[in-house]
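Listed below are the residues making up each chain.
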Amino acid sequence: MSGIRVGQGFDVHAFGPGDHVVLGGVRIAHSKGIKAHSDGDVLIHAICDALLGAAALGDIGQHFANTDAKWRGVDSRELLRAVRDKVAAAGFAIVNVDSTLIAETPRVSPHAEAMRSNIASDLGLGIGAVSVKATTSERLGFTGRGEGIAVMAVALLQSQ
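Presented here is an overview of the structure given in this document. Every value quoted in this text rests on a predicted model; they were computed, and no experiment measured them. (Residues numbered from 1 in each chain as written. Predicted model: local features only at pLDDT ≥ 70, side-chain atom pairs only at ≥ 80, totals over all residues. Heavy atoms only, no water.)

### Details of the packing of aromatic side chains
- According to the stated counting rule, one finds one aromatic pair in the structure shown.
- A centroid spacing of 4.9 Å and a plane angle of 90 degrees characterise the contact between Phe64 and Trp71, whose relative ring orientation is edge-to-face.
- Given a relative accessible area of 11%, Trp71 falls into the buried group. (Phe/Tyr/Trp six-rings, centres within 6.5 Å; stacked < 30°, edge-to-face > 60°. Buried < 20%, exposed > 50% of the residue type's maximum accessible area, 1.4 Å probe, protein only.)

The structure is reproduced here in structure tokens:
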């Protein structure tokens, strides 16, 4: 355990009934909700997986199982802070995270700075160390058909 580590994360959630989605800890009005055990914050879930992967600590499901009633409806920012602590306990400091949301809707750009701010705060980073981008899939695949949201994330850690 020395030097720098890179981890990747990926998460997907399907749309379901509801009137909002939560992305990066930001509640966004939407014609659909997210089907999930927790609050369904696909952005934070992908970042958690990237951080856990970089530290070789497994994945989000190993730490916060979707079969455990304790995590039903949980605010994913709580999970992110717990992952931050697990990464630190493993001897790593978080350098930066980069993420890309893939969805036709909702529009992310009006909310990206608030998402970055929440994530940076929870990870103890400056906002300049957190990137949140968005793209569409040009109406191809499940995201293009408006069936759900996907996120890819990368995290860089440095040994302490």
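After that view of the structure, there is still more to cover.
### Brief notes about a nonpolar patch on the surface
- On the surface, a nonpolar cluster with roughly 340 Å² of combined accessible area is contributed by Phe10, Val12, Phe142 and Met152.
- Position of Val12 among the secondary structure elements: in strand S1 (residues 4-16). (Patch = residues over 30% accessible without salt bridge, like charges linked within 9 Å, V, L, I, M, F, W, Y side chains within 5 Å. Areas by Shrake-Rupley, 256 points an atom, 1.4 Å probe, with all protein chains shown as cover. Salt bridge = Lys/Arg side-chain N within 4 Å of Asp/Glu carboxyl O. Helix = DSSP H or I, 4+ residues; strand = E, 2+ residues; numbered from the N terminus.)

### Details of the pairing of strand S6 (residues 130-135)
- Here strand S5 (residues 92-102) runs beside S6; their pairing, made up of six bridges, is parallel. Its bridge partner being in S6, Leu101 is matched across the sheet by Ala134.
- Note that the unit made of S5, helix H4 (residues 112-123) and S6 has a crossover that is right-handed. (Pairing = 2+ DSSP bridges. Right-handed = clockwise from strand over helix to strand, strands pointing away.)

### Section: the sheet that holds strand S4 (residues 33-34)
- Pairing within the open sheet is mixed, and its five strands lie in the order S4-S1-S7-S5-S6. Looking at the sheet topology across the chains shown, the edges are occupied by S4 and S6.
- Along the sheet, H4 makes contact with S5 and S6, crossing S6 at roughly 145 degrees. (Contact = heavy atoms within 4.5 Å. Axes fitted to C-alpha atoms, helices over the stretch in contact; angles between N-to-C directions.)

### Observations regarding the packing of helix H1 (residues 42-54) against helix H3 (residues 76-89)
- Contact geometry of H1 with H3 gives a least axis separation of 10 Å together with a crossing angle of 10 degrees. The angle between H1 and H3 places the two elements in the roughly parallel class. On H3, the residues that touch Ile44, His45, Ile47, Cys48, Leu51 and Leu52 of H1 are Ser76, Arg77, Leu79, Leu80, Val83 and Val87.
- When grouped by side-chain class, the residues that make up the contact of H1 with H3 number nine nonpolar, two polar and one charged. (Parallel < 35°, antiparallel > 145°, perpendicular 65-115°, else oblique. Nonpolar A, V, L, I, M, F, W, Y, C, P; charged D, E, K, R; others polar.)

### Examining the packing of H3 against H4
- The geometry of H3 relative to H4 is characterised by a closest axis approach of 9 Å and an angle of 40 degrees between their N-to-C directions. Considered as vectors, H3 and H4 are oriented oblique to each other. As for the relative orientation of H3 and H4, their crossing is right-handed in sense. Residues Arg77, Leu80, Arg81 and Arg84 of H3 lie in contact with H4, whose contacting residues are Asn118, Ile119, Ser121, Asp122 and Leu123.
- Classifying every residue of the contact of H3 with H4 gives three nonpolar, two polar and four charged. (Left-handed = near helix turned anticlockwise from the far one by under 90°.)

### Overview of the nonpolar core
- Core analysis: the largest hydrophobic core is formed by 44 residues, its most contacted members being Leu51, Val97, Ile119 and Ile149.
- Those elements that place two or more of their residues in this core are strand S2 (20-23), strand S3 (26-29), H1, H3, S5, H4, S6 and strand S7 (148-159).
- Broken down by element, the residue count for this core peaks at ten residues, all from H1.
- Setting aside residues up to four positions removed in sequence, Leu51 forms contacts with Leu80, Val83, Val87, Ile94, Val97, Leu123, Ala155 and Leu157. (Core = buried A, V, L, I, M, F, W, Y, C linked by side-chain atoms within 4.5 Å.)

### Some points on unusual backbone geometry
- Put simply, Thr105 and Pro106 share a cis peptide bond, and its omega is 0 degrees.
- Within the element layout of this structure, Pro106 appears in the loop between S5 and H4.
- A positive phi angle, near 55 degrees, is found at Glu138, a position not held by glycine.
- In this fold, Glu138 is placed in the loop between S6 and helix H5 (141-144).
- Take Glu138: its relative accessible area is 63%, and that puts it in the exposed class.

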